[in-house]
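Spelled out, the chains give:
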Amino acid sequence: MTAQLIGACAEEVGWRCYLQPLLRTRFGPVAASVLVGTAWGLWHVPALTQGPAYAAGFLTATVAMSVILGLALERVRSNRLLLAGGFHTLVNLGMLFVTDETSPATAPMAVFGAACLAAALPWIASARRAATAPDRIAAATADGPR
């Protein structure tokens, strides 16, 4: 478990502590999370060599988890690395129980990717609503009828 946490935190220094904030300033939180998730998935080249369906499930999972993690950490200013590293570690440990990277079976990874996508969709919808909702202070101080 300690090795998983150290490895996950090492990755998350790049993903959530450097790349995510950098891309967020240019593309916004959802697009930045998708880009980071794509890079995160491509980083794991051995998983991508298991076949197209396995690779698609894996990339879907990394992008979806990146969206969840990116949006969840949107307002977090301290302990980002520990939170992201802990999440990443739990995902890695869970995958050790659910999938087998040495097996050609693609169904577990496809199901995992679909489950991650299903979990990410409410996060995306919430982020979209928040982006289009007027700020309470701006709405209260705006000119016009009340």
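Residues numbered from 1 in each chain as written. Predicted model: local features only at pLDDT ≥ 70, side-chain atom pairs only at ≥ 80, totals over all residues. Heavy atoms only, no water.

Novice: Please clarify how helix α4 (residues 52–72) should be interpreted in this entry.
Specialist: The α-helix advances 3.6 residues per turn, and as a result positions three or four apart in sequence lie on the same side. Helix length check: α4 (21 residues) gives 30 Å between terminal C-alpha atoms against 30 Å at 1.5 Å per residue, within 8%. With 15 of its 21 residues buried, α4 lies for the most part within the structure. (Helix = DSSP H or I, 4+ residues; strand = E, 2+ residues; numbered from the N terminus. Expected span 1.5 Å × (residues − 1). Buried < 20%, exposed > 50% of the residue type's maximum accessible area, 1.4 Å probe, protein only.)

Novice: Help me out: how do you make sense of the nonpolar core in this one?
Specialist: Here is a general trend for soluble globular proteins: nonpolar side chains tend to be buried in one another's company. By size, the foremost hydrophobic cluster in this structure holds 19 residues, and its most contacted members are Met65, Met95, Met109, Phe112 and Cys116. Tallying contributions element by element places α4 first for this core, with six residues. The contacts of Met109, once residues within four sequence positions are left out, are Tyr54, Gly57, Phe58, Met95 and Thr99. (Core = buried A, V, L, I, M, F, W, Y, C linked by side-chain atoms within 4.5 Å. Contact = heavy atoms within 4.5 Å.)

Novice: Even after reading the chapter, I still don't get the packing of aromatic side chains, so can you show me in this structure?
Specialist: For any pair of aromatic rings, the description rests on two quantities: the centre-to-centre distance and the angle between the ring planes. Per the stated rule, a full pass over the model turns up one aromatic pair. Ring geometry for Trp15 against Trp43: centres 5.7 Å apart, planes inclined by 85 degrees, an arrangement best described as edge-to-face. Within this pair, whereas Trp15 is found in helix α1 (residues 2–27), its partner Trp43 is found in helix α2 (residues 29–43), the two being separated by 28 residues in sequence. Accessibility expressed as a relative area gives 9% for Trp15, which makes it buried. Lying over the aromatic face of Trp40, Arg16 brings its terminal NZ or CZ to 5.0 Å of the ring centre. (Phe/Tyr/Trp six-rings, centres within 6.5 Å; stacked < 30°, edge-to-face > 60°. Lys NZ or Arg CZ within 6 Å of the ring centre and 35° of its normal.)

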